[in-house]
Amino acid sequence: MTFFLHVETFTQWRQEARALLVRGVAPSEVHFSSGADQPSLFDAAAPEMPAKSNEVAPTVPSAFLEMAKHVACHRDANRWELLYRTLWRLTHGQRHLLEMSTDEDVFALNQMKKAVTRDVHKMKAFVRFRKVVASSDLQDTQTQPEALTNYIAWHRPDHRIVSLAAPFFARRFKAMNWTILTPDESVSWDQLELKYGPGVPVSEAPDADSLEDLWKTYYASIFNPARVKVAMMKREMPVRHWATLPETDLIPDLLQQASTRVSEMIAKNEGFAETAAHYMPTDGSLDSLRSAARHCRACDLHQCATQMVFGEGTPSARIVIVGEQPGDREDIEGRPFVGPAGQLLDEALQTLRIDRNEVYITNVVKHFKFTERGKQRLHKKPNSREIFACRPWLEAEIAAIRPDTILCLGATPASALFGRDFRVTQRRGEVIATDWCPRTIATWHPAAILRMPNPDRRAQKHQQFIADLALTLDQ
Amino acid sequence: MDVRDKLAILADAAKYDASCASSGAKSTRAGSQIGSTEGMGICHSYTPDGRCISLLKILLTNYCIYDCQYCVNRVSSDTPRARFTVEEVVSLTMEFYKRNYVEGLFLSSGIIQNSDYTMEQLIAVAKTLRTDQHYGGYIHLKTIPNASQSLIEEAGKWADRLSVNIELPTEGDLYKLAPEKKKPQIVSAMHGIREKIDETKHEQASGFKPPSFAPAGQSTQMIVGATETPDLEVLKTASELYTGQKLRRVYYSAYSPIPHADARLPGQSPPLIREHRLYQADWLMRFYGFSANEIVAEKDHNLSLEIDPKLAWALANRHFFPVDVNRASQEELLRIPGIGVRNVQRIVSLRRHRPLRTADLRKLRVAWNRAKVFVLTADHNPGVADLDKLNLGKQVAPKSRQLMLFDAASSALTGEV
Ligand code: SF4
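Residues numbered from 1 in each chain as written. Chains lettered and ligands numbered in written order. Predicted model: local features only at pLDDT ≥ 70, side-chain atom pairs only at ≥ 80, totals over all residues. Heavy atoms only, no water.

Where an unreviewed UniProt entry is consulted, chain B appears under the name DNA modification/repair radical SAM protein, with the organism given as Novipirellula caenicola. The UniProt entry for chain B carries the following comment under Cofactor (unreviewed entry): "[4Fe-4S] cluster". (UniProt positions renumbered as here; feature names shortened; annotations may be inferred.)

The name given to chain A in an unreviewed UniProt entry is Type-4 uracil-DNA glycosylase, with the source organism recorded as Novipirellula caenicola. Taken verbatim from the UniProt record of chain A, the Sequence similarities (unreviewed entry) comment is "Belongs to the uracil-DNA glycosylase (UDG) superfamily. Type 4 (UDGa) family."

### Regarding the overall build of chain A
Summing up its helical and strand segments, chain A has 16 helices and 14 strands in all. By the compact-globule yardstick of 23 Å for 475 residues, chain A is too spread out, its C-alpha radius of gyration being 40 Å. Projected onto the principal axes, the alpha-carbon positions of chain A cover approximately 120 × 60 × 50 Å. Here chain A holds 475 residues, and the buried ones make up 47% of them. Within chain A, counting contacts between residues at least 6 apart in sequence, those at least 24 apart form 70% of the total. Total accessible area on chain A is roughly 23,600 Å²; 51% of this is exposed by carbon and sulfur atoms. Treating the 59 positive side-chain charges of chain A as one cloud and the 59 negative ones as another, the clouds have centres 4 Å apart. (Helix = DSSP H or I, 4+ residues; strand = E, 2+ residues; numbered from the N terminus. Rg over C-alpha atoms; globule rule 2.2 N^0.38 Å. Buried < 20%, exposed > 50% of the residue type's maximum accessible area, 1.4 Å probe, protein only. Contact = heavy atoms within 4.5 Å. Areas by Shrake-Rupley, 256 points an atom, 1.4 Å probe, with all protein chains shown as cover. Lys, Arg positive; Asp, Glu negative; His and termini not counted. Charge placed at Lys NZ, Arg CZ, Asp CG, Glu CD.)

### Side note on the overall build of chain B
Each helix and strand in chain B was counted, giving 17 helices and 10 strands. In chain B, which comprises 417 residues, the share counted as buried stands at 61%. Considering only intrachain contacts with a sequence separation of at least 6, the fraction spanning at least 24 residues in chain B is 68%. Looking at chain B as shown, the accessible area adds up to about 15,900 Å², and 52% of this sits on carbon and sulfur atoms.

### Details of the environment of His-140 of chain B
Looking at the secondary structure, you find His-140 of chain B in strand β5 (residues 138–142). Between the alpha carbons of His-140 of chain B and Asn-381 of chain B there is a distance of 50 Å; along the sequence they are 241 residues apart.

### Topic: the side chain of Thr-61 of chain B
All names here are of chain B. Checked against the element boundaries, Thr-61 lands in the loop between β3 (56–59) and α2 (86–98). What makes Thr-61 buried here is its relative accessible area of 0%. Within the local environment of Thr-61, its side chain forms a polar contact with the backbone oxygen of Ala-82, the two atoms lying 3.0 Å apart. Thr-61 has contacts with Leu-10, Ala-82, Arg-83, Ser-109, Gly-110 and Ile-112, leaving out every residue within four places of it along the chain. (Polar contact = N/O pair within 3.5 Å; in protein donor to acceptor, adjacent residues only side chain to side chain.)

### Comments concerning helix α1 (residues 3–12) of chain B
An α-helix turns once per 3.6 residues; consequently, residues spaced three or four apart project the same way. For α1 of chain B, every residue scored as buried is listed here: Lys-6, Leu-7, Ile-9, Leu-10 and Ala-11 of chain B. Looking at the packing, one finds that the buried side of α1 of chain B touches α6 (212–222) of chain A together with β3 and α2 of chain B.

### Examining the confidence of the model for chain A
Looking at chain A as a whole, its pLDDT mean stands at 87, while 90% of the residues score no less than 70. Predicted confidence for residues 40–45 of chain A stays below pLDDT 50, and this span has 3 contacts to residues more than four positions away or in other chains. (pLDDT = per-residue confidence, 0-100.)

### Overview of the state of the cysteines
All names here are of chain B. In the structure shown here, the tally under the stated rule is 1 disulfide over all chains. Between the sulfur atoms of Cys-43 and its disulfide mate Cys-52 the distance is 2.3 Å. What sets the handedness of the Cys-43 and Cys-52 disulfide is the S-S torsion sign, and at about -100° it is left-handed. Considered together, Cys-43 and Cys-52 belong to a single accessibility category, that of buried residues. (Disulfide = S-S within 2.5 Å.)

### Considerations on helix α10 (residues 309–316) of chain B
Residues and elements named next belong to chain B. Within α10, 7 of the 8 residues are buried, which leaves it mostly tucked inside the rest of the structure. Among the residues of α10, Pro-309, Lys-310, Leu-311, Ala-312, Trp-313, Ala-314 and Leu-315 are the ones counted as buried. The backbone nitrogen of Lys-310 has a side-chain oxygen 2.9 Å away, supplied by the residue at the start of α10, namely Asp-308.

### So, the sheet that holds strand β8 (residues 249–254) of chain B
Residue and element names in this part refer to chain B. Strand order in this open sheet of 6 strands is β3-β4-β5-β6-β7-β8, and the pairing throughout is parallel. A strand with exactly one partner marks an edge of an open sheet, and here the two such strands are β3 and β8. Taken over all neighbouring pairs, the strand axes of this sheet differ in orientation by 20° on average, direction set aside. Where strand β6 (residues 161–163) meets strand β7 (residues 218–224), 2 bridges bridge the pair, whose relative direction is parallel. Bridge pairing links Ser-163 to Ser-219 in β7. Along the sheet, helix α3 (residues 115–131) contacts β4 (104–108) and β5; its crossing angle with β5, the most-contacted strand, is approximately 175°. In the packing of helix α6 (residues 183–205) onto the sheet, the strands contacted are β6 and β7, and the crossing angle to β7 comes to about 155°. (Pairing = 2+ DSSP bridges. Axes fitted to C-alpha atoms, helices over the stretch in contact; angles between N-to-C directions.)

### Observations regarding the sheet that holds strand β13 (residues 405–409) of chain A
Residue and element names in this part refer to chain A. A sheet is described by the order of its strands in space; here 5 strands give the open sequence β8-β10-β9-β13-β14, paired in mixed fashion. Two strands in the sheet have a free side with no partner beyond their single neighbour: β8 (312–313) and β14 (439–443). Here strand β9 (residues 319–323) runs beside β13; their pairing, made up of 4 bridges, is parallel. What sits directly across from Val-320, in β13, is Ile-406.

### Overview of the interface of chain A and chain B
Note: interface size is frequently given as the accessible area lost on complex formation between the parts. Every contact between the two is made by 70 residues of chain A and, on the other side, 85 residues of chain B. Across the chain A to chain B interface the summed buried area is about 7,200 Å²; carbon plus sulfur atoms make up 57%. Linking Arg-172 of chain A and Glu-103 of chain B is a salt bridge whose minimum nitrogen-to-oxygen distance equals 2.8 Å. The tally of links from chain A across to chain B stands at 27 residue pairs in polar contact (both at pLDDT 80 or more). Among the elements of the structure, α4 (104–126), α5 (162–172), α6, α7 (230–236), α8 (251–267) and α12 (384–401) of chain A are those that each provide at least two residues to the side of chain A that touches chain B. The dominant element in the side of chain A that touches chain B, judged by the number of residues it contributes, is α6 of chain A, at 9 residues. (Buried area = accessible area lost by both parts, 1.4 Å probe. Salt bridge = Lys/Arg side-chain N within 4 Å of Asp/Glu carboxyl O.)

### Side note on the pairing of β4 of chain B
Residues and elements named next belong to chain B. The element β4 is extensively covered by neighbouring structure, given that 5 of its 5 residues are classed as buried. Here β3 pairs with β4 via 4 bridges, running parallel. Each bridged residue has a counterpart across the sheet, and for Lys-57 the counterpart in β4 is Phe-106. Note that the unit made of β3, α2 and β4 has a crossover that is right-handed. For β4 and β5, the ladder comprises 4 bridges, and the chain directions are parallel. Paired with Gly-104 across the strands is Tyr-138, a residue of β5. (Right-handed = clockwise from strand over helix to strand, strands pointing away.)

### Overview of the site of the ligand
By nearness alone, every residue bordering the ligand is listed as Cys-296, Ala-298, Cys-299, His-302, Val-365, Lys-366, His-367, Ala-389, Cys-390 and Trp-393 of chain A. Here the shell around the ligand is composed, by residue class, of 7 nonpolar, 2 polar and 1 charged. (Near = heavy atom within 4 Å. Nonpolar A, V, L, I, M, F, W, Y, C, P; charged D, E, K, R; others polar.)

### A few points about unusual backbone geometry
Residues and elements named next belong to chain B. In this structure, the amide linkage connecting Phe-321 to the following residue, Pro-322, adopts the cis form with an omega of -5°. You can see Pro-322 is positioned in the loop between α10 and β9 (323–324). Unusually for a residue other than glycine, Asn-100 sits at a positive phi of about 65°. Secondary-structure assignment places Asn-100 in the loop between α2 and β4. For Asn-100, a relative accessible area of 0% translates into the label buried.

### A closer look at the packing of helix α9 (residues 286–293) of chain A against α12 of chain A
All names here are of chain A. With their axes 10 Å apart at the nearest point, α9 and α12 run at an angle of 165° to one another. In terms of their interaxial angle, α9 and α12 are classed as roughly antiparallel. Here α9 runs over α12; the crossing is left-handed. Counting all contacts with α9, which are made through Leu-286, Leu-289, Ala-292 and Ala-293, the residues of α12 involved are Trp-393, Ala-396, Glu-397, Ala-400 and Ile-401. Along the lines of polarity and charge, the residues of the contact of α9 with α12 split into 8 nonpolar, no polar and 1 charged. (Parallel < 35°, antiparallel > 145°, perpendicular 65-115°, else oblique. Left-handed = near helix turned anticlockwise from the far one by under 90°.)

What follows is the structure, given as structure tokens:
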């Protein structure tokens, strides 16, 4: 005797299966149909179900229900029978059946479940909402624009998974009105509940969203042309979904340009020639450094400056004082710290009875950088690129002298020696060990003191400057 | 400059960062209106380089006062510059999110003014998203290494994941290419994050409800192939970070040529297969109980490019095999080439009911060609003779190189072997 049953959903199947099980109907005696399958002719003459036995339906492992819920969404016409057969076996002596992953039925079910899970995952990934704002005749300023806004997507899943995926979208897009259309079914969320409806052809989906241009810009920019792997992309983003993904339009062009872009990237290699290290003499003495630096072309500053201004002082100096860059006077005379700032430094050295000939005075950048304003040449701060290019000279000078103390005048030398996060305003006057010297100290640049408009503040800064300079004396 | 131009520059500048996965945050924050996090990350699109797009991955700005040679944004590079406002990033994130283009934001930045200032800007974006927009989606903030601990703590309050890039495998590499970055500073930043994560977990365990702190943990990225440093050093560094700083993931990024690169860097990318091998080796360390020293057996301290690290280990340790699938412990099973973690679990539950035969393994889709000489089943014994063959490596290695590369593509995501 064979029973013909028509089921559409997991819930229906579960009810029928439970009834069959209670009545002891064997899997070979049931035939399930659903969807387009015509109810069988035999339906009319359906035999009476055997009487309910007294037993209640046995409990089944929750793993099975979870599996059945997924398998129910698969398009395979045999799924209901396969599920019932497995249910029968689980309740007739094979309680651990699901652990037997190589069993034919279990294997087939696992494959179906996997296909459905993957399809649900792809739906979560590839649904693309398009924003649709309802035109409202009522110019009601009180109406929140979001209330008139709907986000609509059209998607073509492989299996009938809308009900499996919809709760995810409801959790994720809770405060949004959205609708997902598929050929078989549709679902809407009004910020309160999910409503399921019939399938909808692609022609009824909105066809664009103004944001898609921005998204495509992002997509094109995040792609690294040095790593093309098309097969991988197609495996993870199956071509059948491309029609609803706006960014996929760009793929042919991106691929075509990839190799030219990579060669351009490599061609733009700027090279190590861009730092002074390239002009370094093999002999590291101060004299040979000074003459080698005359030929330095590591940055553009050499082009406008009158001359290179190298450090000055005795090679046996115990103190090295580092400024930012030569100024107008220094550029003309070819010596560091001879202008107004140099005068202030000289006076300070005299106050502390330090002989200028016993210290070594230099700058981080060796050429004068300026802008012309009429007849004047106005000092312009060197940029980080220039500081980086010139730094090898300073490092070589320090290496040749090996001083006990280095005094940095102002922010430029301080960040060159302490790192770019260093704040002179917060840490001046501290004695700090660096890679170059056990005692490295930062203080104001004399030019900054001269520029202070407020006389009290100027006097205070000057005091601090002398105090910091004095620190170089105790060793 | 309009938002679109900025987006082009600031997404381009972020594309070299491999750490983009969005997994790990188990539950959505309370009170969220738009956005959720549910464990597994979702790739919403793929670029033609086969990489997943799950997050809007951008820099807040690519201006930078630092000068790391492998980085296109370093101060001495002539790359075009741009800077987003906090509002622009917030609105881009929300609008992309609402269309389901992405499931979160990965925000990094060049260092402007100083570390703390930059960190404050990153925090402002995350905080605005959480508080003004009631956004519950994923946020990954790149931590600025020298930023103060109080800012890191604030960042972790709003972000799901924090990361500090270790950048290069060794201290010497950093010294050479990123003179302003110091390994101890980087590691101490990671340590600061780790301590706060531990503290939060501890409070949760004792029944308190502390404010959430980086619930998806922390990760890092290491650039590989920019210096000569061999794989063994790379893996040792990774292993230190996994155990010492409890990182969730270490991402390996094969150095790829950048525009305006310094001549000390190679003009060519290292083979992508190397990145793949590192992910495989990393996977072996995290899930299979291998140590870095075991995995790298080659004399030059590099992983073999020809065969995967598990197979390489097996060939170098033939005395360990054959392993009996019906008797061996889980740890032993995990060492068989061609059998993955999932299949080890299946084998263990199957054999409780009956002895396993070769047909069972084939049905489980183990890579039989690789596994067959290393396993004993109820009806299969490869015999010791087989294992002693000199050309064994050739026999079990995958036949075509093409296949191997295809395989390589998926490893950035998992690395499973
Ligand atoms: S400023 Fe320095 S790096 Fe630039 S050319 Fe002059 S000496 Fe060379």
